Amino acid sequence: MGRGELTDAAWERLAPLLPGVDGRGRPWRDHRQVINGVLWRLRTGAPWGDLPERYGPWQTVYERFARWDVDGIWARLLEQVQVRDDSVGAVEWTVSVDSTINRAHQHAVGARKKGAAAGDELEDPERASAGQALGRSRGGLTTKVHLACDGRGLPLAVVVTPGNVNDSTVFDTVMDGLRVPRAGAGQPRRRPEAVIADKAYSSRAIRRALRRRGVRAVIPERDDQKANRLRRGKAGGRPPAFDRDLYKARIVVERCFGRLKQFRAIATRFDKLAARYKAGVHLAALILWLREPTQDPLSDRL
């Protein structure tokens, strides 16, 4: 077992969840070898063609990665591991929400387009970039990963947008992605006990949406909002409730981003397609969930 590959314990948890045959009824090439190849590329950020021979033909590894992305298998594996942990009460439903901006490499641009939009001879380059979750800022092209994680710092929902998108505008999308099916009968769990977020999410709309869902909001008030409320006097109303001690638990989402960015293909985006990049985030998140209880998720062994 090489550095960064699946441990035996992680493989024992993952193996029963993997598909047995492909869509044409033929057996797959060894799953563990191929997934380790995908992890090697995700960890190093190297081009697919530089994949070491011990993982088999690089075309096979890339095809499996891309095909499972299209079929939704990476996202489904992450969901199934979440279901298993939730069924034994391991998931902590105090959820932290935040985002991180990742620089896009020059190789991430230039994704092939299927054609111009209706009525347009030439598609707007800015529109095409936004469609692949690439946003232009002072630092160049960037992609933003929005994340909701549980109280242990494990990802529950992932959304990818251009880097210049405001966090608060994606909050509802992140919360809609918060969905863990039940192991038995019943509706999927969508409602956390509390949501912790920083000042970027401080808005009436977000607080109102959480209140409608019966979710406790732990979001500090922005200075300009506080000044405006005080300026209006009694008409400004009371300050929103804020649990300062519980807010300290928001550090788990920052730690989660730090662990995800130890995968270099997550910290820097090399994929041209937003779907491929998001699939890599799903796989990296899956590895965090598969960690052994006493083992750091990205130690030298994994």
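Located above this text is the structure these notes cover.
Thresholds, definitions, all that
Residues numbered from 1 in each chain as written. Predicted model: local features only at pLDDT ≥ 70, side-chain atom pairs only at ≥ 80, totals over all residues. Heavy atoms only, no water. Helix = DSSP H or I, 4+ residues; strand = E, 2+ residues; numbered from the N terminus. Polar contact = N/O pair within 3.5 Å; in protein donor to acceptor, adjacent residues only side chain to side chain. Contact = heavy atoms within 4.5 Å. Phe/Tyr/Trp six-rings, centres within 6.5 Å; stacked < 30°, edge-to-face > 60°. Buried < 20%, exposed > 50% of the residue type's maximum accessible area, 1.4 Å probe, protein only. Expected span 1.5 Å × (residues − 1). Axes fitted to C-alpha atoms, helices over the stretch in contact; angles between N-to-C directions. Parallel < 35°, antiparallel > 145°, perpendicular 65-115°, else oblique. Nonpolar A, V, L, I, M, F, W, Y, C, P; charged D, E, K, R; others polar. Core = buried A, V, L, I, M, F, W, Y, C linked by side-chain atoms within 4.5 Å. Pairing = 2+ DSSP bridges.

(A) View of the side chain of Thr161. One can find Thr161 in strand S4 (residues 155-162). Reaching out from Thr161, the side chain makes a polar contact with the side chain of His146 at a distance of 2.8 Å. In contact with Thr161, not counting residues within four places along its chain, are Ala133, Thr143, Lys144, His146 and Val170.

(B) View of the environment of Ala183. Relative to the elements of secondary structure, Ala183 occurs in the loop between helix H6 (171-176) and strand S5 (194-196). In the structure, Ala183 is positioned 100 residues away from Val83 in sequence and 6.1 Å away in space, judged by C-alpha atoms. Setting aside its immediate chain neighbours within four residues, Ala183 contacts Val83 and Ser87.

(C) View of the packing of aromatic side chains. Going through the model one piece at a time under the given rule, you end up with six aromatic pairs. Centroid distance Trp48 to Tyr62: 5.3 Å. Interplanar angle 65 degrees. Geometry classified as edge-to-face. Taken as a pair, Trp48 in the loop between helix H2 (31-44) and helix H3 (58-70) and Tyr62 in helix H3 lie far apart in primary sequence, 14 residues in all. Since its relative accessible area comes to 12%, Trp48 is described here as buried. Ring plane angle 35 degrees and centroid distance 5.5 Å describe the contact between Trp48 and Phe65, whose orientation is recorded as tilted. Remark: Phe65 occurs in helix H3 and Trp48 occurs in the loop between H2 and H3; sequence separation between them is 17 residues. In terms of burial, Trp48 and Phe65 fall into one category: buried.

(D) Examining helix H4 (residues 73-87) more closely. Taking 1.5 Å as the rise per residue, H4 with 15 residues should run 21 Å; its terminal C-alpha atoms sit 21 Å apart, in good agreement. Burial in H4 covers these residues: Ile73, Trp74, Leu77, Leu78, Val81, Gln82, Val83, Asp85 and Asp86. Count one or two residues on from H4 and you reach Gly89, which has phi positive near 75 degrees.

(E) Looking closely at the packing of H2 against helix H12 (residues 274-289). Relative to each other, H2 and H12 sit at 105 degrees, their axes nearing to 11 Å. As far as their axial angle goes, H12 and H2 are roughly perpendicular. Only Gly280, Leu283, Ala284 and Ile287 of H12 make contact with H2, whose side of the interface consists of Val38, Leu39 and Leu42. Partitioning the contact of H2 with H12 into residue classes produces six nonpolar, one polar and no charged.

(F) Representation of the nonpolar core within the structure. Among the nonpolar cores identified, the biggest contains 74 residues, and Ile35, Val97 and Leu210 are the most heavily contacted of them. The element contributing the most residues to this core is H12, with 11 residues. Dropping the residues within four chain positions of it, Leu210 is found in contact with Phe171, Met175, Val195, Val215, Ala217 and Ile219.

(G) Representation of the pairing of strand S3 (residues 140-149) within the structure. By the criterion of burial, S3 is predominantly enclosed, with 10 of the 10 residues buried. Sheet topology note: the strand S1 (residues 94-104)/S3 ladder contains eight bridges and is antiparallel. Counterpart to Ser96 in the pairing with S3 is Cys149. Relative to S3, strand S2 (residues 135-137) runs antiparallel, the two sharing three bridges. When the sheet's bridge partners are listed, Arg136 is paired in S3 with Leu141. Here S2 hands over to S3 after two residues, the two strands then running antiparallel side by side.

(H) Structural view of the packing of H3 against H12. It is at 10 Å that the axes of H3 and H12 come closest, and there the two elements cross at 95 degrees. With respect to their mutual orientation, H3 and H12 come out roughly perpendicular. From H3, Tyr62, Phe65, Ala66, Asp69 and Val70 reach across to H12, where they touch Ala275, Arg276, Ala279 and Gly280. Split by residue class, the contact of H3 with H12 holds six nonpolar, one polar and two charged.

(I) A look at the pairing of S1. With eight of 11 residues buried, S1 lies mostly within the body of the structure. Examined bridge by bridge, S1 and S5 share three bridges and lie parallel to one another. Each residue of the ladder has a partner; that of Ser96, found in S5, is Ile196. Here S1 runs beside strand S7 (residues 268-269); their pairing, made up of two bridges, is parallel. In the sheet register, Ala104 faces S7, and the bridge partner there is Arg269.

Nothing here speaks to function; it is geometry throughout.
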